[in-house]
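Next come the chains, spelled out residue by residue.
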Amino acid sequence: MANPKRKISKSKRDHRRAHWMGGLNASNLAECPNCGESMMSHHVCPSCGYYKGDKVDGMGNA
Ligand SMILES: [Zn+2]
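The rules we used
Residues numbered from 1 in each chain as written. Predicted model: local features only at pLDDT ≥ 70, side-chain atom pairs only at ≥ 80, totals over all residues. Heavy atoms only, no water. Helix = DSSP H or I, 4+ residues; strand = E, 2+ residues; numbered from the N terminus. pLDDT = per-residue confidence, 0-100.

**Student:** I would appreciate a short explanation of unusual backbone geometry in the present structure.
**Tutor:** With glycine set apart, most residues show a phi of negative sign, and most peptide bonds adopt trans. Even without being glycine, H42 reaches a positive phi, approximately 65°. Turning to its location among the elements, H42 is positioned in the loop between strand 2 (38–40) and strand 3 (50–51). The phi dihedral of K52 is positive, around 55°, even though this residue is not glycine. Inspection of the secondary structure puts K52 in the loop between strand 3 and strand 4 (54–55).

Below, the structure is given as structure tokens:
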């Protein structure tokens, strides 16, 4: 069976959750070097539209 043998106690469960940082979202937050807004690393800044020092307009490379 694909079930754990024992139910995790409340304290174990809560202890684990206390360390849980929110999964995907928290780990890849970065500060935009251009405008200082918090942004997803490896993504274009949603505030100023810059990525790695270049303006990205979504229309391909000019
Ligand atoms: Zn920015």
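Moving on from the coordinates now.
**Student:** Please clarify how the confidence of the model for the protein chain should be interpreted in this entry.
**Tutor:** When pLDDT drops low, the exact placement of atoms in the prediction is not to be read closely. Per-residue pLDDT for the protein chain averages 83, and the proportion of residues at 70 or more is 82%. The secondary-structure element of the protein chain with the lowest mean pLDDT is helix 2 (residues 24–27), recorded at 57, while strand 3 shows the highest, at 90.

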